[in-house]
Amino acid sequence: MSAPEIPLNPKMLAWARKTAAATVEQAASRAGVDVARVTEWESGAGKPTLVQLRKLADLYKRPLAMFFLNELPVDFTIMKAFRRLPGSDDLALSYELTSQLRESLQRREVALTLADAIGQDVPVFDGRAHLTDAPAKVAAEWRDRLGITAEGQRAWGDDYAAFRAWRTAIEDLGVLTFQTTRVSTDEMRGLSMFEKKYPVVLLNGGDAVRARIFTLAHELGHLLLRSTVSKDSNEVLESSSKEEVWCNAFAGALVAPEPLVTLVPRKTSPEAFDWAALKSQANALTVSQDVVLRRLLDLGRLTRKEYEALRKRLATQNQSRAPGGPIPQDALVVSRLGLPFTRMVVIAYRQAQITLNDLSDYLGVRVTYLPKIEARVFGDEAGAYA
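Residues numbered from 1 in each chain as written. Predicted model: local features only at pLDDT ≥ 70, side-chain atom pairs only at ≥ 80, totals over all residues. Heavy atoms only, no water.

K.L.:
What is the right way to read unusual backbone geometry from this model?
P.N.:
Excluding glycine, a negative phi dihedral is what most residues carry, and trans is how most peptide bonds are arranged. A positive phi angle, near 55 degrees, is found at T286, a position not held by glycine. Here T286 lies in the loop between α11 (275-285) and α12 (289-298). Residue T286 is classed as buried on the basis of its relative accessible area, which comes to 0%. (Helix = DSSP H or I, 4+ residues; strand = E, 2+ residues; numbered from the N terminus. Buried < 20%, exposed > 50% of the residue type's maximum accessible area, 1.4 Å probe, protein only.)

Here you go:
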């Protein structure tokens, strides 16, 4: 006997799939049926079983009860605020990125709820800048506010130590930072969502570590400008967006302020350029070589033509990426969710504000990892993997 079909709103099936940026093929694969069957469900010609509906709800990241509503929900379409480069096609976002955007917003709501439950004050992000402000001046002010010193920056040495230092300093402002590795860097390197309480920065964890440092600084710039959502572009100088240009200038000055950029190129052709000195300068600041080139351009030490020629040559060189090999699950949790969010979830569980199932759901891991996660976020290993 086949499993009974259940009554539901077929329009809700189509709406949930489209707002999740999932294809009919993905839905069919998840439900274990052919494409024609999913099309029938969405048209009302047929209905899925409860097991099939649960699989679709998981794919679409929607609660099961939603599919029985009579009216379609009023959904905030965050993609409309997602900026692309001028001249690029207005294509729909991938399923992976759409899911990450929704999950990031859901985590923010969870953080607000948990902070209230455990009696933790939520800091107000009061930073503000305008496009008419000099990016370098704003960057200097925020280096002081973040507590980043020249001596401290030179002492990091390790890429991951540098990333953790920047991330922690920005999280201390009340910013929630999350990472994903399921999204292509061609589509997204970073984005930000401004709110006065718990603004969000989402970074692409599959990107090079030093690239993530610059992206983090870039997205801080967008938060200061009170952006809703912003796409970090790798084609910095080719973007005509005034805001993108401002944020990149701000980020460059934040991670590589003028007094620390000591490289003065004497020969600027790609063949004669002192690449060893460029690499040494980048290593001293724990930034990418591209960032140093950008700063040389911003500081007037390179012409636009020279910069473009040097950057073209640099693009053919490999950037350091995340090390290979298995990463402990508890370390991945902290890397993906950040210390503030992870700590709040653990504290809420220890105060009996949430259940063990809630904790597992919020952290995305089995509860058996809880002791190691606690040791990592409250002990000496806090944030040991970025």
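K.L.:
Help me out: how do you make sense of the confidence of the model for the protein chain in this one?
P.N.:
Predicted coordinates in areas of low pLDDT are best not read in detail. With 86% of its residues at a pLDDT of at least 70, the protein chain reaches an overall mean of 84. Within the protein chain, no element has a lower average pLDDT than helix α4 (residues 50-60), which sits at 84, and none a higher one than helix α6 (residues 135-146), at 96. Here residues 76-91 scores under 50 on pLDDT; set against residues more than four positions off or in separate chains, the count is 36 contacts. Low pLDDT, under 50, characterises residues 229-240; the predicted model gives this stretch 50 contacts beyond four residues in sequence or across chains. (pLDDT = per-residue confidence, 0-100. Contact = heavy atoms within 4.5 Å.)

K.L.:
Can you help me understand the pattern of salt bridges in this one?
P.N.:
Applying the stated criterion across every chain, the model contains 17 salt bridges. The shortest N-O distance in the salt bridge between R294 and D290 comes to 2.6 Å. Within this pair, R294 and its partner D290 are both found in helix α12, separated by 4 residues, close to a single helical turn. The pair formed by R294 and D290 is uniform in burial state, with each residue classed as buried. (Salt bridge = Lys/Arg side-chain N within 4 Å of Asp/Glu carboxyl O.)

K.L.:
Looking at this structure, I do not really get the packing of aromatic side chains. What am I missing?
P.N.:
One pair of aromatic rings is described through two measures. These are the centre distance and the angle between the planes. This structure, assessed with the given rule, holds 6 aromatic pairs. Seen from their ring centres, F125 and W142 are 6.3 Å apart, and the 25 degrees between their planes marks the pair as stacked. With F125 in the loop between α5 (95-117) and α6 and W142 in helix α6, this residue pair connects regions lying 17 residues apart in the sequence. Judged by centre distance (6.3 Å) and plane angle (70 degrees), the rings of F125 and F194 are edge-to-face. (Phe/Tyr/Trp six-rings, centres within 6.5 Å; stacked < 30°, edge-to-face > 60°.)

K.L.:
Please explain the nonpolar core as it appears in this structure.
P.N.:
The nonpolar side chains of a soluble globular protein tend to be buried with one another. L146, W166, L220, F250, L254, V255 and L293 are the most contacted members of the largest nonpolar core, which has 55 residues in total. Top contributing element to this core by residue count: helix α9 (residues 209-224), with 8 residues. In this structure, L293 is in contact with F273, L278, L302, Y307, L310, R311 and L314, ignoring residues within four places of it in sequence. Within the second largest apolar cluster, 34 residues are counted, among which are L176, Y198, A348 and I373. (Core = buried A, V, L, I, M, F, W, Y, C linked by side-chain atoms within 4.5 Å.)

K.L.:
Teacher, can you tell me more about the packing of helix α15 (residues 339-350) against helix α16 (residues 356-363) here?
P.N.:
A pair of packed helices can be characterised by two numbers: the angle between their axes and the separation between those axes. At a closest axis distance of 9 Å, the pairing of α15 and α16 adopts a crossing angle of 175 degrees. Compared by their axis directions, α15 and α16 come out roughly antiparallel. In contact with F341, T342, V345, V346 and Y349 of α15, α16 contributes L356, L359, Y362 and L363. Split by residue class, the contact of α15 with α16 holds 8 nonpolar, 1 polar and no charged. (Axes fitted to C-alpha atoms, helices over the stretch in contact; angles between N-to-C directions. Parallel < 35°, antiparallel > 145°, perpendicular 65-115°, else oblique. Nonpolar A, V, L, I, M, F, W, Y, C, P; charged D, E, K, R; others polar.)

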